[in-house]
Protein chains: 2
Amino acid sequence: MTYQLYYWTGLQGRGEFVRLCLEDARASYVDVARSEGDDVMMPFLRGEEDGALPFAPPFLKSGKLVIAQVANILHYLGPRHGLVPDGEPERLYAHQLQLTIADLVAEAHDTHHPVASGLYYEDQRDEAKRRAKDFRESRIPKFLGYFEKAIERGGGIHPLGQHSYVDLSLFQVMEGLRYAFPKAMAMHAWPRLDGLAKRVAERPNIAAYLASERRVAFNQMGIFRHYAELDG
Amino acid sequence: MTYQLYYWTGLQGRGEFVRLCLEDARASYVDVARSEGDDVMMPFLRGEEDGALPFAPPFLKSGKLVIAQVANILHYLGPRHGLVPDGEPERLYAHQLQLTIADLVAEAHDTHHPVASGLYYEDQRDEAKRRAKDFRESRIPKFLGYFEKAIERGGGIHPLGQHSYVDLSLFQVMEGLRYAFPKAMAMHAWPRLDGLAKRVAERPNIAAYLASERRVAFNQMGIFRHYAELDG
């Protein structure tokens, strides 16, 4: 079976967390908007297609199922591709960690759009500077410190004691934060997360993906954006 | 079995979405911090307790299981108390809707704290005014319009075609938004959501809860806060 992934073209964004999972699993999927254009998503968003009504991309089509919200998609894909441990407690915990990653991602977005997603960055730059300062000084340490502790608790290598979709997402978070906030990220050591990210990048399927044209580069349209003035 | 709910005392906050579910189900639970104080949560947050490591309250203890993140808790409780339909597609959809509610709740919070959770409202009032304007004019219509459409799609009464934890959370969202933004909310009709909220409030277990001392009133410490200058 081939999955259909629906996400905006031209950026990694939230879709990237799903792509990493599909690529790591070597699952068969089509990144639909990349071949057919972003308009292909509109009938879903307008409620003209069957199945669940998505609020926003990304959403995944798996047979007749339509699944939206990144963490929900990974919660669905994980067991199907051996990317989450067996057992209800482990799956709930994996999902909890993923939801905390989602919170971090939303806050990373709001560093450059603290007032309104619909306004240009330039129209909210002053607010962005204040929010980014707090993000660098309080939120990054709080979130990454938490994930360091979670990896520690999982035995030092993986938060869940084995490779999972959470590792793939933590890799993306570390890549994104290093792209957006290189100075701030260089001021702190995150040894567990760094080790995890390095191991994920070396996984054959992920290494092949990162070297491919399917991996869009970080840019100023995604979640993680680099503006020097937001990096302190 | 008795659940232990851990959440900050003195406010509804994110814990309220869990409480409404437990109350509607007439589940046996203890709101632990209310009897023992907020410090009782610290060993969990410091990683000194077994089980999943929570990033923040609320978290629920169910036997040995520790479950954090509101949507994750409801995803766990729903099937155990008949508060979500049977079937994987329905449960994924319920969870997706709940995650979209979580996004709305985070944005509602950020109307009064657009810069930093750690700063006083008064120190970010100017930014709050700008963010709240966008929230009232763009985000409330987008989110509530989406949920109206979801209810329509579910047959006009419930988004999932039957009562579920999503209805309970949508009730809380409507109550919270009406408390925080009475003027903005009065400018628009949300007939499906209003009907749903009214029916939830009339459910015997919910009506009893709302009339009890267990229901903390909305106040200026929770997610939904009323500041006249943010209501336009």
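The rules behind these values
- Residues numbered from 1 in each chain as written.
- Chains lettered and ligands numbered in written order.
- Predicted model: local features only at pLDDT ≥ 70, side-chain atom pairs only at ≥ 80, totals over all residues.
- Heavy atoms only, no water.
- Domains from an automatic or database assignment.
- Contact = heavy atoms within 4.5 Å.
- Buried area = accessible area lost by both parts, 1.4 Å probe.
- Salt bridge = Lys/Arg side-chain N within 4 Å of Asp/Glu carboxyl O.
- Polar contact = N/O pair within 3.5 Å; in protein donor to acceptor, adjacent residues only side chain to side chain.
- Helix = DSSP H or I, 4+ residues; strand = E, 2+ residues; numbered from the N terminus.
- Nonpolar A, V, L, I, M, F, W, Y, C, P; charged D, E, K, R; others polar.
- Axes fitted to C-alpha atoms, helices over the stretch in contact; angles between N-to-C directions.
- Parallel < 35°, antiparallel > 145°, perpendicular 65-115°, else oblique.
- UniProt positions renumbered as here; feature names shortened; annotations may be inferred.
- Phe/Tyr/Trp six-rings, centres within 6.5 Å; stacked < 30°, edge-to-face > 60°.
- Buried < 20%, exposed > 50% of the residue type's maximum accessible area, 1.4 Å probe, protein only.
- Least-squares fit on C-alpha atoms with pLDDT ≥ 70 in both.
- Pairing = 2+ DSSP bridges.
- 1 Å grid on protein atoms, 1.4 Å probe; cavity = no way out; pocket = protein on both sides within 12 Å on 5 of 7 lines; lining within 4 Å.
- Points joined across faces, edges and corners; volume = space filled by probe spheres on them.

Here we look at the domain arrangement of chain A
Residue and element names in this part refer to chain A.
Thought 1: Along its sequence, chain A is carved into domain 1 (3–80) and domain 2 (88–203).
Thought 2: Taking only C-alpha atoms, the centre of domain 1 and the centre of domain 2 are 22 Å apart.
Thought 3: On the domain 2 side, the residues contacting the 14 residues of domain 1 number 15 residues.
Thought 4: Among the residues of domain 1 in contact with domain 2, Phe17, Leu20 and Asp24 are the three that bury the most area, contributing 40% of the side total.
Thought 5: Here domain 1 is connected to domain 2 by one salt bridge.
Thought 6: Residues aspartate 24 and arginine 203 are paired through a salt bridge, measuring 2.7 Å at the closest nitrogen-oxygen approach.
Thought 7: Between the two partners, domain 1 and domain 2, sit three residue pairs in polar contact (both at pLDDT 80 or more).
Thought 8: Secondary structure elements with two or more residues in the side of domain 1 that touches domain 2: α1 (15–24) and α4 (70–80).
Thought 9: A per-element tally of the side of domain 1 that touches domain 2 places α4 first, with seven residues.
Thought 10: Residues that form the side of domain 1 that touches domain 2 fall into these classes: seven nonpolar, four polar and three charged.

Here's the deal with the packing of helix α6 (residues 125–153) of chain B against helix α9 (residues 191–202) of chain B
All names here are of chain B.
Thought 1: Here α6 crosses α9 at 75°, and the two axes come no closer than 8 Å. Taken together, α6 and α9 sit at an angle that is classed as roughly perpendicular. Of the residues in α9, those touching α6 at Leu144, Phe147, Glu148, Ile151 and Glu152 are Pro191, Arg192, Leu193 and Leu196.
Thought 2: Taken together, the residues of the contact of α6 with α9 break down into six nonpolar, no polar and three charged.

So, the interface of chain B and chain A
Reports of interface size often rely on the accessible area that becomes lost once the parts have come together.
Thought 1: Every contact between the two is made by 47 residues of chain B and, on the other side, 47 residues of chain A.
Thought 2: Of the roughly 4000 Å² buried where chain B meets chain A, counting both sides, 53% is carbon and sulfur surface.
Thought 3: Broken down residue by residue, the surface that chain B buries against chain A is led by Leu53, Phe55 and Arg153 of chain B, which jointly contribute 20%.
Thought 4: Between the two partners, chain B and chain A, sit six salt bridges.
Thought 5: Here glutamate 127 of chain B makes a salt bridge to arginine 130 of chain A, at a shortest N to O gap of 2.8 Å.
Thought 6: Where the side of chain B that touches chain A is concerned, the elements lending two or more residues are β4 (65–68), α4 (70–80), α5 (88–112) and α6 of chain B.
Thought 7: Considering each element in turn, the side of chain B that touches chain A owes the most residues, 11 residues, to α6 of chain B.

As for the UniProt feature "domain: GST C-terminal" (unreviewed entry) in chain A
Thought 1: Using the residue numbers shown here, the UniProt feature "domain: GST C-terminal" (unreviewed entry) corresponds to residues 87–218 of chain A.
Thought 2: For residues 87–218 of chain A, the end-to-end C-alpha separation is 35 Å, with 71% helix and 0% strand making up the annotated structure.

What about the packing of aromatic side chains?
Residues and elements named next belong to chain B.
Thought 1: Enumeration over the complete set of coordinates arrives at 20 aromatic pairs over all chains.
Thought 2: Ring centres 4.9 Å apart and planes at 15° place the aromatic pair tyrosine 6 and phenylalanine 59 in the stacked group. Placement of the pair is tyrosine 6 in strand β1 (residues 3–6) and phenylalanine 59 in strand β3 (residues 59–62), with a sequence separation of 53 residues. Each member of the pair, tyrosine 6 as well as phenylalanine 59, carries the same accessibility label: buried.
Thought 3: With centroids separated by 3.8 Å and ring planes inclined at 15°, the aromatic side chains of tyrosine 121 and tyrosine 227 adopt a geometry described as stacked.

Describing the relation of the copies chain B and chain A
Comparison of the two chain copies shows a relationship of rotation about an axis with a shift along it.
Thought 1: By a simple turn and slide, chain B fits onto chain A: the slide is 0.0 Å along the axis, the RMSD is 0.0 Å, and the turn is 180°. Classification of the inter-copy transformation places it as that of a two-fold axis.
Thought 2: In this assembly, 100% of the residues forming the interface of chain B have copies in chain A that are likewise at the interface, indicating an isologous arrangement.

Points about the sheet that holds strand β1 (residues 3–6) of chain A
Residues and elements named next belong to chain A.
Thought 1: Across the sheet, four strands lie side by side as β2-β1-β3-β4; this open sheet has mixed pairing. With partners counted over all chains shown, the strands left at the sheet margins are β2 (29–31) and β4 (65–68), one partner each. Looking at each pair of strands side by side, their axes are set apart by 20° on average, direction ignored.
Thought 2: Of the strand pairs in this sheet, β1 and strand β3 (residues 59–62) are connected by three bridges, and their pairing is antiparallel. In the strand pairing of β3, glutamine 4 is matched with lysine 61.
Thought 3: Where α4 meets the sheet, its contacts fall on β1, β3 and β4, and the angle it forms with β4 comes to roughly 125°.

A few points about the layout of surface pockets
Thought 1: Approximately 420 Å³ is the volume found for the second largest pocket.
Thought 2: What lines the second largest pocket is a set of 22 residues, and nearest its centre among them are His75 and Arg91 of chain A together with His75, Glu88 and Arg91 of chain B.
Thought 3: Going through the elements one at a time, α4 and α5 (88–112) of chain A together with α4 and α5 of chain B are the ones with two or more residues in the lining of the second largest pocket.
Thought 4: Sort the elements by how many residues they give to the lining of the second largest pocket and α4 of chain B lands first, with six residues.
Thought 5: Looking at the lining of the second largest pocket, its residues break down into 11 nonpolar, five polar and six charged.

Digging into the sheet that holds strand β2 (residues 29–31) of chain B
Residues and elements named next belong to chain B.
Thought 1: Strand order in the open sheet formed by four strands is β2-β1-β3-β4, with mixed pairing between adjacent strands. Edge positions in the open sheet fall to β2 and β4, since each of these has one partner strand only. Averaged over all pairs of adjacent strands, the angle between their axes in this sheet comes to 20°, without regard to strand direction.
Thought 2: The sheet contact formed by β1 and β2 spans three bridges and is parallel. Note that in β2 the partner of glutamine 4 across the bridge is valine 30.
Thought 3: Its contacts with the sheet put α4 on β1, β3 and β4, and the angle it makes with β4 is roughly 125°.

Notes on the pairing of β3 of chain A
Thought 1: Here four bridges tie β3 of chain A to β4 of chain A, and the two strands are oriented antiparallel to one another. Residue serine 62 of chain A lies in a different strand from β4 of chain A, and its bridge partner there is leucine 65 of chain A.

A short note on unusual backbone geometry
Thought 1: Cis geometry marks the peptide bond from proline 57 of chain A to proline 58 of chain A, where omega comes out at 0°.
Thought 2: Here proline 58 of chain A lies in the loop between α3 (42–45) and β3.
Thought 3: With a phi angle near 80°, glutamine 69 of chain B is a residue other than glycine that sits in the positive phi range.
Thought 4: Along the chain, glutamine 69 of chain B turns up in the loop between β4 and α4.

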